[in-house]
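Observations on chain architecture
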Amino acid sequence: TVSADPQPNSDLSIDPAEQNVVRQQFARFGSECRTFAPMYRQVTLQGLRSTMASGARLSLDQGPGYADVLSAWRHYLAHDNNGRGVVLIGHSQGAMVLTRLIAQEIDGTPIQSRLVSAILMGTTIAVPKGKDVGGSFKQIPLCRAADQTGCLITYATYRSTVLPPANALFGRAPGEGLEAACTNPAALGGGSGPLRAYLTGQGSLIASAALQKHQWSKDMPVVETPFVSVPGLLTAECASNEHANFLKVTVNADAADPRADDIPGDLGMIGKPQANWGLHLVDVNLAMGNLLDIVSRQAKAYRAKWGAR
């Protein structure tokens, strides 16, 4: 949800907001795949604020936005796919729209055989407690190995120091016997692992410019490159508390080295994050390097099984 258009749903013009989110969340996948990023009439930031302020139920997978994505998917299959394997990638509203698309158009259909993987971040996907299949999708399991295909990667990130509160927006699955799925891109088989993040050099986020430039190093106050990597700074593991299942991100700060001891990514005023959102604004950036490695391995496994299409 990034559109700054003033109406409840965006138009189909490509504005800087859409270009920015593609650069941050999607463009890097071009190193592994042919990329398609269809414009859709998403609920805008203004529409999201108005709906949340009214207390009405958020239905981000309905209306013209979903109709646009459905049309784009069917057009792609008819004109561009040519039998190839597909990775479907979405975050937040995009992940909610793709969840509905997968459930209605792919899950349990012949097209499911073309699914290399689905990567749905910053949303809640339901599975039966302790299970990898069922719930939101009937036949598509969670990914538990980097070379597993036809599976789902899903998570929502929260800081280890700011855990999901009672009003957490992600990680709570409705329905008896269900829980929110969590797959850790840094360790699909379970446990903790290092995140290979690509964070913006200026500290800007997907839905807004940075309020102030992030200082990544005590010795280098300004970083000029579009993105920065922070090896060893971040680790993640799937975790739960009484409110949610989530991907817990730990910042391994070292006051003795010159590198910054924290990262941007919280929603809210500086120093006062909105805990219920977690690290939603950098869900994708945090694991970008891990996801690229996984997609590369999945693509090789898919081609080995189905041929080099």
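Conventions used here
- Residues numbered from 1 in each chain as written.
- Predicted model: local features only at pLDDT ≥ 70, side-chain atom pairs only at ≥ 80, totals over all residues.
- Heavy atoms only, no water.
- Helix = DSSP H or I, 4+ residues; strand = E, 2+ residues; numbered from the N terminus.
- Rg over C-alpha atoms; globule rule 2.2 N^0.38 Å.
- Buried < 20%, exposed > 50% of the residue type's maximum accessible area, 1.4 Å probe, protein only.
- Contact = heavy atoms within 4.5 Å.
- Areas by Shrake-Rupley, 256 points an atom, 1.4 Å probe, with all protein chains shown as cover.
- Lys, Arg positive; Asp, Glu negative; His and termini not counted.
- Charge placed at Lys NZ, Arg CZ, Asp CG, Glu CD.
- Pairing = 2+ DSSP bridges.
- Polar contact = N/O pair within 3.5 Å; in protein donor to acceptor, adjacent residues only side chain to side chain.
- Phe/Tyr/Trp six-rings, centres within 6.5 Å; stacked < 30°, edge-to-face > 60°.
- Axes fitted to C-alpha atoms, helices over the stretch in contact; angles between N-to-C directions.
- Disulfide = S-S within 2.5 Å.
- Salt bridge = Lys/Arg side-chain N within 4 Å of Asp/Glu carboxyl O.

For the chain, the helix and strand inventory stands at six helices and 13 strands. For a compact globule of 309 residues, the expected C-alpha radius of gyration is about 19 Å, and the chain comes in at 19 Å, within 12% of that figure. Seen through its C-alpha atoms, the chain measures out along the principal axes to roughly 55 × 45 × 40 Å. By residue count, 44% of the 309 residues in the chain fall in the buried class. When contacts within the chain are restricted to residue pairs at least 6 apart in sequence, those whose partners lie at least 24 apart make up 74%. Taken as a whole, the chain presents about 14,400 Å² of accessible surface, with 53% of it coming from carbon and sulfur. Side-chain charges in the chain split into 27 positive and 25 negative, and the spacing between the mean points of these groups amounts to 6 Å.

Turning next to the sheet that holds strand 7 (residues 193–194). Ordered by their spatial adjacency, four strands build an open sheet running 5-11-10-7, and the pairing between neighbours is mixed. For this open sheet the edge positions go to strand 5 (157–159) and strand 7, each flanked by a neighbour on one side alone. Of the pairings in the sheet, the one linking strand 10 (residues 234–240) to strand 11 (residues 245–251) comprises seven bridges and is antiparallel in character. Across the sheet, the residue bridging to Cys238 is Leu247, located in strand 11.

What follows concerns the side chain of Thr1. Residue placement: Thr1 occurs in the segment before helix 1 (16–25). Within the structure, Thr1 has its side chain in polar contact with the side chain of Gln93 (distance 2.9 Å). What Thr1 contacts, discounting residues up to four positions off in sequence, is Gln42, Val43, Thr44, Leu45, Leu48, Leu60, Ser92, Gln93 and Ala207.

Time to look at the packing of aromatic side chains. One pass over the structure, following the stated rule, counts six aromatic pairs. Centre to centre, the rings of Tyr158 and Phe246 are 5.8 Å apart; their planes meet at 75°, and the pair counts as edge-to-face. A residue pair is termed long-range when its members are at least 10 positions apart, and Tyr158 in strand 5 and Phe246 in strand 11 qualify at 88 residues. As far as the burial class goes, Tyr158 and Phe246 line up, both buried. Taken together, a centroid distance of 6.0 Å and an interplanar angle of 65° make the contact between Phe170 and Trp277 edge-to-face. One end of the pair, Phe170, is in the loop between strand 5 and strand 6 (178–180); the other, Trp277, is in the loop between strand 13 (272–273) and helix 5 (283–286), and 107 residues separate them in sequence. A single burial state applies to Phe170 and to Trp277, both of which are buried.

Let's shift gears to the environment of Val228. Examined against the element boundaries, Val228 turns out to sit in strand 9 (residues 227–228). Given the relative accessible area of 11%, Val228 is considered buried. With 123 residues separating them along the chain, Val228 and Glu105 place their C-alpha atoms 38 Å apart. The residues contacting Val228, other than those within four sequence positions of it, are Ala197, Tyr198, Leu199, Thr200, Gly201, Trp216 and Val223.

This part takes up the sheet that holds strand 2 (residues 115–121). Pairing is parallel in the open sheet, where three strands are placed in the order 1-2-4. One side of each edge strand has no neighbouring strand; the edge strands of this open sheet are strand 1 (86–91) and strand 4 (151–155). Adjacent strand axes in the sheet meet at a mean angle of 10° when their direction is disregarded. The pairing of strand 1 with strand 2 spans six bridges and is classified as parallel. Along strand 2, the bridge assignment pairs His91 with Met121. Packed onto the sheet, helix 4 (residues 93–105) meets strand 1 and strand 2 and runs at close to 135° relative to strand 1.

What follows concerns the state of the cysteines. Summed over the entire model, instances satisfying the criterion amount to two disulfides. A sulfur-sulfur distance of 2.1 Å marks the disulfide that ties Cys182 to Cys238. An S-S torsion of about -85° defines the bridge between Cys182 and Cys238 as left-handed. Residue Cys182 is found in the loop between strand 6 and strand 7, and its partner Cys238 is found in strand 10; the two are separated by 56 residues along the sequence. Note on Cys182: relative accessible area 11%, which makes it buried. Of note for the chain: the bonded cysteines, numbered N- to C-terminal, pair according to 1-2, 3-4. Cysteine Cys33 remains unbridged, with the sulfur of Cys143 as its closest cysteine sulfur at 14 Å.

Another aspect to go through is the pattern of salt bridges. Side-chain pairing between opposite charges can occur once the charged atoms of the two side chains come close. Overall, the coordinates contain seven salt bridges when judged by the stated rule. Measuring nitrogen to oxygen at the nearest pair gives 2.8 Å for the salt bridge that ties Arg41 to Asp68. Placement of the pair is Arg41 in the loop between helix 1 and helix 2 (45–54) and Asp68 in helix 3 (residues 63–81), with a sequence separation of 27 residues. Ionic pairing is found between Arg144 and Asp132, a salt bridge with its closest N-O pair at 3.0 Å. One end of the pair, Arg144, is in the loop between strand 3 (126–128) and strand 4; the other, Asp132, is in the loop between strand 3 and strand 4, with 12 residues separating them in the sequence. According to the relative accessible area criterion, Arg144 is partly exposed, its value standing at 34%.

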